[in-house]
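So you can see what is in the structure, the chains are spelled out below.
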Amino acid sequence: MAADPATLINWGLLALEPPGWGGVLLGGLLNSIKIAVGGYALGLVLGTGGAFGKLYGGPVLKDLLEVYTTLVRAIPELVLILLLYYAGTDLLNQLMAAMGYGPVDISGLAAGIFVIGVVQGAYSTEVLRGAIKAVPAGQIEAARAYGMSPVQIMRRITLPAMLPHAIPGLSNLWLIATKDTALLAVVGFSELTLVTRQAAGSTKAYLLFFCAAGALYLALTLVSNVIIRIIETRARRGMAAPA
């Protein structure tokens, strides 16, 4: 009689306590979430500034932002991560040495957030620019007629009106950010993919650990989808339902 495949899998390897690796995998997932949240937040800041700069900035600023978004979207993300992580750290230390300071030891978490944030910022710029352009011009003109300042128009009219148009694109960028954290394994940061490789390499249980990692990424995506759906529902309150 053939053995049951389930009996061939050592489920004890997923225990939270050693010799199980479950706690290590959850720690890697937590690091992935930290990088994704930090990088996504930084990307939103860069994207908001980039979108308004592209729409309302001067010619020089518009050209610089166009170069930024084009380069980031054209170069593969893995190459960007290697470039920003290694070359960026080396450049920073050279600048510190030129100013008479010693080398700076940059944490993997901070470097990961910066790298993901720069990548996310380029895509967020285009998503938010399109959302801002989707705001009816009549609403902006009405706000000006009421005497609102540009800051008041942005806070009271533009940002609330653009949010329903931006959420679908921004939600996709969030899900992309959670997956892009796996690319940081190539620079040695202990996120979920790297610790999964270490666990699988140590135990030779490749199927078990990579399926477990896939399940954790899936769980993160499902939870994210629920939160995104709640945010989108709240943002679209008072708007006509799509036909």
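Only a predicted model underlies this, so the values are computations on that prediction, with no experimental measurement involved.

A. Just the overall build of the protein chain, in detail. Looking only at helices and strands, one finds eight helices and zero strands in the protein chain. In the protein chain, the succession of helices and strands from N to C terminus is α-α-α-α-α-α-α-α. Its C-alpha atoms give the protein chain a radius of gyration of 22 Å, clearly above 18 Å, the size a compact globule of 243 residues would have. Overall size of the protein chain, expressed as C-alpha extent along the three principal axes, is 80 × 60 × 30 Å. For the protein chain, the proportion of its 243 residues judged to be buried stands at 35%. Within the protein chain, counting contacts between residues at least 6 apart in sequence, those at least 24 apart form 74% of the total. Entry remark: accessible area of the protein chain is about 13800 Å², with carbon and sulfur atoms responsible for 69%. Side chains of the protein chain give 16 positive and 12 negative charges; the mean places of these two sets differ by 11 Å.

B. Here's a closer look at the UniProt feature "transmembrane region" (unreviewed entry) in the protein chain. Mapped onto this numbering, the UniProt entry gives "transmembrane region" (unreviewed entry) at residues 20-46, 67-86, 106-123 and 206-228. As a span, residues 67-86 carries 90% helix and 0% strand, and end to end its C-alpha atoms are 22 Å apart. Along residues 106-123 one finds 89% helix and 0% strand; the C-alpha atoms at either end are 25 Å apart.

C. Quick look at the packing of aromatic side chains. The final tally for this structure, using the stated rule, is three aromatic pairs. Summarising the aromatic geometry, the rings of Y40 and W174 are spaced 5.6 Å apart at their centres and angled 75 degrees between planes, so their arrangement reads as edge-to-face. Of this pair, Y40 sits in helix α1 (residues 22-56) while W174 sits in helix α6 (residues 150-180), placing them 134 residues apart in sequence. One exposure class covers both Y40 and W174, and it is buried. Their ring planes at 35 degrees and their centres at 5.9 Å tell us that F52 and Y56 sit as a pair that is tilted. With F52 and Y56 both in helix α1 and four residues apart, the pair spans about one turn of that helix.

D. Representation of the packing of α6 against helix α8 (residues 206-235) in the model. Across the interface, α6 lies against α8 with an axial gap of 10 Å and an inter-helix angle of 165 degrees. Put simply, α6 runs roughly antiparallel to α8. Relative to α8, the crossing made by α6 is right-handed. Contact residues: L163, P164, I167, P168, S171, W174, L175, T178 and K179 in α6; Y217, L220, T221, S224, N225, I228, I231, E232 and A235 in α8. Looking at the contact of α6 with α8, its residues break down into 11 nonpolar, five polar and two charged.

How each quantity is defined
- Residues numbered from 1 in each chain as written.
- Predicted model: local features only at pLDDT ≥ 70, side-chain atom pairs only at ≥ 80, totals over all residues.
- Heavy atoms only, no water.
- Helix = DSSP H or I, 4+ residues; strand = E, 2+ residues; numbered from the N terminus.
- Rg over C-alpha atoms; globule rule 2.2 N^0.38 Å.
- Buried < 20%, exposed > 50% of the residue type's maximum accessible area, 1.4 Å probe, protein only.
- Contact = heavy atoms within 4.5 Å.
- Areas by Shrake-Rupley, 256 points an atom, 1.4 Å probe, with all protein chains shown as cover.
- Lys, Arg positive; Asp, Glu negative; His and termini not counted.
- Charge placed at Lys NZ, Arg CZ, Asp CG, Glu CD.
- UniProt positions renumbered as here; feature names shortened; annotations may be inferred.
- Phe/Tyr/Trp six-rings, centres within 6.5 Å; stacked < 30°, edge-to-face > 60°.
- Axes fitted to C-alpha atoms, helices over the stretch in contact; angles between N-to-C directions.
- Parallel < 35°, antiparallel > 145°, perpendicular 65-115°, else oblique.
- Left-handed = near helix turned anticlockwise from the far one by under 90°.
- Nonpolar A, V, L, I, M, F, W, Y, C, P; charged D, E, K, R; others polar.

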